[in-house]
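Reading the structure
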Amino acid sequence: DARDAVTLLFELQGAANATSSALNAVLAGSLGLAAGPAIALPPLGKSRPPGVAAGERIAVRGVALGTLDDGLAVAWGEGETLVAVVPAEALEVRPIQGMDPALALSEVTGDLERGALSPVPAGWTAAVAAGRVAIAYELIGGCRTMLRLAREHALQRVQFGRPIAGFQAVRHRLADSLVAIEGAQACAEATWEQPGTLPATLAKAVAGTAARTVGKHAQQVLGGMGYTTDHPLHCYVRRALVLDQLLGSGTSLTREIGAELLRTRDAPALLPL
C-alpha cells in the first residue's frame, strides 16, 4: 500500500534521523524503473531534471542519495523527459560533507554521450511530486522529534525555582511549533485525497517552512544546549535544512506556486485541511 508505506516509513525515518534508499525507490517507481539504481536529483533548491541535452552530449549536474553501486538513473529533457541508467564511473562523484554528512549525499557531474545510452520515456513531473510528498513526511517526522526534545528540556530545566515550561514565552514557542507541524501533516495527508503536482508542491513547501520554524523554536527553548553537538537537536536541524532544499525549498516552492497562480489566473479549490 503506497500510502501506508510512504507515510509510515518516511515519518519514522525523519523521527529517527535515519537514512535509507527509500526515496530512490519512490522516485524509481514513478519513473517506471526497477528498484536498484540511485536517482540523480537536481541540485539543491532545484526541481528540473539534472541532465541537459546539448547536441550529442548530456551535461549532468545534480546530487544523489546513498550508494551508487547499482548505477545512477539520469533524466533529461524539457517536454518529453527521458531517463537512462549509467554506471557511476561514467560521471564524477564527489561526497558532500557540508551541513549533514550523515545523509550520504553526493554531487554528480559530467558529460554523457547520447549515443551510448539506452533511454526510455519517464514521467519526471510525477516523480518529483511523489518525492516531494515523501520528503514532506520525513520533515514532519523530524519536526515531531525536535518538538519532543524541546518539550522534555523545558520540563527538566529549572530557572527561578520552577521549570521553564511554565514560562509563557517558552509555551508560546512550543505551541507555535505544534501548530506548524499539524498544518504540515494536514497538507501531506491531503495529497492522498487529491493527488497532483500542486498538492504535492504545497505539502513540501509547508513541511519545509514548518521544519525551519520548529528548528528555530526548539533551539531557543534549549538555549545554549541547542547550539552544541552534545545535544541531539543539532542532527535534526541539519537534516531539516538539507531536506528542505531537496526538490525545491519551502521558499522557492512558495514563489513557484504564486507565479503559477498569477500566470493562469486560476485559483484551485481549497483542500479540506
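This text goes with the structure placed above it.
In short, a report on the structure. Within each chain, residues carry numbers counting from 1 in the order of the written sequence. The predicted nature of this model means local features are confined to residues of pLDDT at least 70 and side-chain atom pairs, given and counted, to a pLDDT of 80 or more, with totals for whole chains, interfaces and linings taken over all residues. Excluded from the side-chain calculation are hydrogens and water; included are all heavy atoms of the structure.

Moving on to helix H1 (residues 2-16). Helix and strand labels come from DSSP, where a helix needs a run of H or I of at least four residues and a strand needs a run of E of at least two; each type is numbered from the N terminus. One less than the number of residues in a helix, times 1.5 Å, gives the span that helix is expected to have. Its 15 residues give H1 an end-to-end C-alpha distance of 21 Å, which sits within 8% of 21 Å, the value for a rise of 1.5 Å per residue. Throughout, exposure labels follow a simple rule: accessible area from a 1.4 Å probe, protein chains only, divided by the maximum for the residue type, with under 20% read as buried, over 50% as exposed, and the rest as partly exposed. Buried within H1 we find Val6, Thr7, Phe10, Glu11, Gln13 and Gly14. Here the buried residues of H1 occupy an arc of 160° about the axis, which is enough to place them on one side. Opposite the packed face of H1, turned more than 90 degrees from it, sit the exposed residues Leu8, Leu12 and Ala16. Residues of H1 that are buried make contact with helix H2 (22-31), helix H3 (124-156), helix H4 (168-193) and helix H6 (233-245). Taken from the residues just after H1, Asn17 is the one with a positive phi, measuring 55°. Directions from the helix axis toward the C-beta atoms define the arc. Contact between two residues is taken to exist if any of their heavy atoms lie within 4.5 Å; hydrogens are not considered.

This part takes up the environment of Gly32. Here Gly32 shows up in the loop between H2 and strand S1 (38-39). Overall, Gly32 belongs to the exposed group, its relative accessible area being 64%. Each C-alpha atom, one on Gly32 and one on Ala122, is 6.7 Å from the other, the two residues being 90 residues apart in sequence.

Joining through side-chain atoms within 4.5 Å is the link that ties buried Ala, Val, Leu, Ile, Met, Phe, Trp, Tyr and Cys residues into a set, and such a set is a nonpolar core. The biggest cluster of nonpolar side chains holds 63 residues, and the ones touching the most others in it are Phe10, Leu23, Leu41 and Met146. Among the secondary structure elements, those contributing two or more residues to this core are H1, H2, strand S3 (57-65), strand S4 (72-76), H3, H4, helix H5 (197-222) and H6. A total of 17 residues in this core trace back to one element, the largest contributor, which is H3. In contact with Leu41, not counting residues within four places along its chain, are Leu23, Leu27, Pro50, Gly62, Val63, Leu65, Leu246 and Leu247. Grouped together as the second largest cluster of nonpolar side chains are 17 residues, Ala38, Ile58, Ala64 and Ala84 included.

A few words on empty space enclosed by the protein. Note on definitions: the grid is 1 Å and covers protein atoms alone; a cavity is a set of points where a 1.4 Å probe fits but cannot get out; a pocket is an open set with protein on both sides within 12 Å along at least five of seven lines; lining residues have an atom within 4 Å of a point. Grid points are joined across faces, edges and corners, and a volume is the space filled by probe spheres set on the points. Overall, the coordinates contain one cavity of 30 Å³ or more when judged by the stated rule. Quantified by volume, the largest cavity comes out at close to 60 Å³. Forming the boundary of the largest cavity are Gly14, Asn17, Glu138, Leu139, Gly142, Cys143, Met146, Tyr236, Arg239, Ala240 and Leu243. Of all the secondary-structure elements, those providing two or more residues to the lining of the largest cavity are H3 and H6. In terms of residue count, the dominant contributor to the lining of the largest cavity is H3 (five residues). Any residue that is not Ala, Val, Leu, Ile, Met, Phe, Trp, Tyr, Cys, Pro, Asp, Glu, Lys or Arg is counted as polar, Gly included; the first ten are nonpolar and the last four charged. Within the lining of the largest cavity, the residues separate by chemical class into six nonpolar, three polar and two charged.

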